[in-house]
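# Secondary and tertiary structure notes
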Amino acid sequence: MADKKRLERKKKIRALIYDKHYQPMKQKEIGYLMQVDPDEREEFVSILNELVDEGSIEVTKRGKYKPMEKEVLKGTFTCTQKGFGFVSVEGKSEDYYIHERNMNGAFHEDTVLMEVLDESPGNGRRKEGKIIKILERGMTTIVGTLDKNQNFGFVIPDNQRFDSDIFVPKEQCNHLTSGFKVLVKITNYGDERHSPEGKIVEVLGHKDDPRVDILSIVKAYNIPTQFDEKVKNQVDTIPSEVDASLYSQRKDIRDWPMVTIDGEDAKDLDDAITLTRKGDHYLLGVHIADVSEYVTEYSPLDKEALKRGTSVYLVDRVIPMLPHQLSNGICSLNAGYDRLALSCIMEIDAQGKVLDHEIAETLIRVNERMTYTSVAKILDGDEEERNRYETLVPMFELMRELSDILRKRRHARGSIDFDFPESKIILDEKGRPIDVFPQVRNAATKIIEDFMLCANETIAEDFYWREVPFLYRTHDNPDGEKVDKLQAFLQNFGIYLKINRDELHPKEVQKLLSKVEGTPEESLISRLTLRSMKQAKYTVQCSMHFGLSTRYYCHFTSPIRRYPDLQIHRIIKENLHGKFTTKRAEHYDAILPKVAEQTSKTERRADEVEREVEKLKKAEYMKRRIGEIHEGIISSITSWGVYVELPNTVEGMIHVSKLPGDYYYYDEETYSMIGEHTNRQLKLGEHVKIKVAGVDMLLKTIDFDLVEGEEDYDGQDEWNKTDSK
């Protein structure tokens, strides 16, 4: 009630100050005019200060309150490595450009108030703003390298967007020498004349120590690496074997032939497969680890899992969402052990349509822990593998048959498949990269992908029609402006996208990719099309998943490593037990939007960390190859340079100033770099020869030089060896 009254007062004060007859007044004058009682003066002053803080009103040097002269918006500041930045404002489609002189002491990721300087600049320029107030600091801790002298130390941040060294008092770094990687808590953000100050809260190790480089990136993104005592205590109460008293409460399918299929080094096995014929139909069982049986709502484990949101998979380690005792133990569907599962058992016809399905709490026992490599060999006719798994071979053959049908059905409705290979990086025992090569999907990875997609869609559609609160995986239609740009570019190749009512259908994108398959432009057009897509996210609304061309989609199949899957398992089980009351529906209505926001955020964070670690190890790998000549493909072009990707997935840049034989400029319409005098064009997708010129380990960037004419390929043999993998 008190909050409501305060809000009303706040509205009245703001309305008074914005009244057309109002003249700027001091605090006392406004209080007198509004007849503020003596016992209400303190609250009145705090409301005025609040209005100033949030940028609703401003106060003159003489202490008079007046309306804001310019529009003020609240947003998040993003700093670039070049010194300027941008402010993104919720509800605004475009960010505001912030010149270095208009940052007002803001650092990367700060929540700020921004005064709009230019709302409609024209000539293709961005809207511009000026930061007038910092509401909340985004970065409170920084990872960096200590540089120490006799009297004090400075920490040089790894994050180039935090453009100031951090002063550390002598007593903070007495026991350390220069070169140590540390985590610093910022105690003072400084000003124009003073550096920020900080306190060392964790020493990560010397920068030259093995694996400290990756740990530094993990810490910089605030990813938790340890579990606290409360979580450990809860884990200690969880049994290492399935409680026999639960057997009678579940559908016992331990006698069904069942396998897990994962990568060689996977330990958190959360999905198992069964497949048999049912007349002309297929009976596909997707059996998912029943993590919610052990991770109960609001328990320490649950709170920690939501905080982490997802497991993070890096080249030398996995940072799990759940402790290893669960993720590799009782929750992991290890072969030969009884396990609890939540199963989606689907009857599918010869056209790939799911005719019927059952969702059940099950008791399972996996027969074999298979790998993608082994199953691919079996399907390729490898006699040794086929003999070893003789009893399971018919099921694997049936899996390929059903997988092809499901894929064909998905393709027919317009599902898009961007088949860019992921990088595989091999490290030695000291964490140094010794090989980098593309990891290509094989028949077995596609089988698992098809079966998981089928289960995720089936579950999402079922719960959409039940009309209960749920967590969906959605992928919005591409941004209209980006589609227009793509359309304009494609017209250079005589290709036209069909757009109905300003909307692009996934089938049109699929047709485009099919049309350019095998052509010299394939890589170029695929990449540009991918860049025009939006990011998928978690939402409480069930809307279109553009990439999969489906109305219904969720994440059900990985509760060991993704929180959204664990969250919907709870909802599914409450439904199965008839416990989904109005009260529970209200509960989920209240919490799911926050869960969607948090898990979307942690997913993006994990993606960024994985990218940063990959860039670091690729840069380190190429550092030993400076001077080598290789052939690559132009993967991206910007006004500052040409990016070239090598066959092993490593990408480097040729700076525009280093392009030989001419002065080059970037033509945005054709995505090409053009020589001013020679008119020579460098285009996306073009094959070029490069020399590895240099590596910046701090920025994790690789520099190439363009090689003209015939030169030997110093690293050709190594590339051939890499490609064969």
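Residues numbered from 1 in each chain as written. Predicted model: local features only at pLDDT ≥ 70, side-chain atom pairs only at ≥ 80, totals over all residues. Heavy atoms only, no water.

## Overview of the overall build of the chain
Test applied: Every helix listed is a DSSP run of H or I at least four residues long, and every strand listed is a run of E at least two residues long, numbered separately from the N terminus. Using C-alpha atoms as the atom set, the radius of gyration is obtained and then compared with a globule rule of 2.2 Å times the number of residues to the power 0.38. The buried label goes to any residue with under 20% of its type's maximum accessible area, the exposed label to any with over 50%, and the partly exposed label to all in between, with areas taken from a 1.4 Å probe on protein chains only. When checking whether two residues touch, look at their non-hydrogen atoms; a contact exists if any pair is within 4.5 Å. Using the Shrake-Rupley algorithm and a 1.4 Å probe, accessible areas are obtained, with residue cover drawn only from the displayed protein chains. Here the positive residues are Lys and Arg and the negative ones are Asp and Glu; neither His nor the chain ends is included. One atom stands in for each charge, and that atom is NZ of Lys, CZ of Arg, CG of Asp or CD of Glu.
Of the regular secondary structure elements, the chain holds 17 helices and 35 strands. Compactness check: the chain gives a C-alpha radius of gyration of 29 Å against a globular reference of 27 Å for 725 residues, within 12% of the reference. In terms of overall dimensions, the chain has a C-alpha envelope of 90 × 75 × 65 Å along the principal axes. Classification of the 725 residues of the chain by burial places 49% in the buried group. Contacts spanning at least 24 positions in sequence make up 67% of the contacts within the chain whose residues lie at least 6 apart. Accessible surface, the chain as shown: approximately 37100 Å² in total, 47% of it carbon and sulfur. One finds the centroid of the 107 positive side-chain charges in the chain at a distance of 5 Å from the centroid of its 129 negative side-chain charges.

## Topic: the sheet that holds strand β33 (residues 681-683)
Note the cut-off: Two strands pair if DSSP finds at least two bridges between them. Only the stretch in contact is used when a helix axis is fitted, and all axes are lines through C-alpha atoms; the angle between N-to-C directions ranges over 0 to 180 degrees.
Taken in spatial order, the three strands of this open sheet run β31-β32-β33, and their pairing is antiparallel. Either end of the sheet is taken by a strand with one partner, and the two such strands are β31 (664-667) and β33. Looking at each pair of strands side by side, their axes are set apart by 25° on average, direction ignored. Of the pairings in the sheet, the one linking strand β32 (residues 672-675) to β33 comprises three bridges and is antiparallel in character. Bridge pairing in β33 links Ile674 to Gln681.

## Some thoughts on the packing of helix α15 (residues 563-576) against helix α16 (residues 582-623)
Rule in force here: Between 65 and 115 degrees an angle is taken as roughly perpendicular, under 35 as roughly parallel, over 145 as roughly antiparallel, and anywhere else as oblique. Two helices cross in a left-handed way if the nearer one is turned anticlockwise from the farther one by less than a right angle. They cross in a right-handed way if the turn is clockwise. Classification used: nonpolar for Ala, Val, Leu, Ile, Met, Phe, Trp, Tyr, Cys and Pro, charged for Asp, Glu, Lys and Arg, polar for all others including Gly.
At a minimum axis separation of 11 Å, α15 and α16 run at an interaxial angle of 165°. In terms of axis orientation, α15 runs roughly antiparallel to α16. Where α15 crosses over α16, the two elements pack in a sense that is left-handed. In contact with Tyr563, Pro564, Gln567, Arg570, Ile571 and Glu574 of α15, α16 contributes Arg584, Tyr588, Ile591, Leu592, Val595 and Thr599. When the residues that make up the contact of α15 with α16 are grouped by side-chain class, the tally is seven nonpolar, two polar and three charged.

## Topic: helix α8 (residues 372-379)
For α8, the set of buried residues is Ser374, Val375, Ala376, Ile378 and Leu379. On its buried face, α8 sits against β14 (259-262), β21 (368-371), α9 (383-388), α10 (393-413) and α11 (443-465). Within two residues after α8, Gly381 carries a phi angle of roughly 95°, on the positive side.

## Thoughts on the environment of Met533
Mapped onto the fold, Met533 is located in the loop between α14 (522-531) and β27 (537-539). Residues Met533 and Phe546, 13 residues apart in the sequence, show an inter-C-alpha distance of 8.9 Å. With residues up to four places along the chain from it excluded, the contact list for Met533 reads Phe418, His475, Pro478, Val509 and Phe546.

## Things to note about the pairing of strand β4 (residues 85-88)
Pairing of strand β3 (residues 72-79) with β4 involves four bridges; the strand directions are antiparallel. In the strand pairing of β4, Thr78 is matched with Phe86. Counted along the chain from β3 to the antiparallel partner β4, the turn is five residues long, and its residue Gly83 has a positive phi close to 105°. With three bridges joining them, β4 and strand β5 (residues 96-98) adopt antiparallel strand pairing. Across the sheet, residue Phe86 finds its bridge partner in β5, namely Tyr97.

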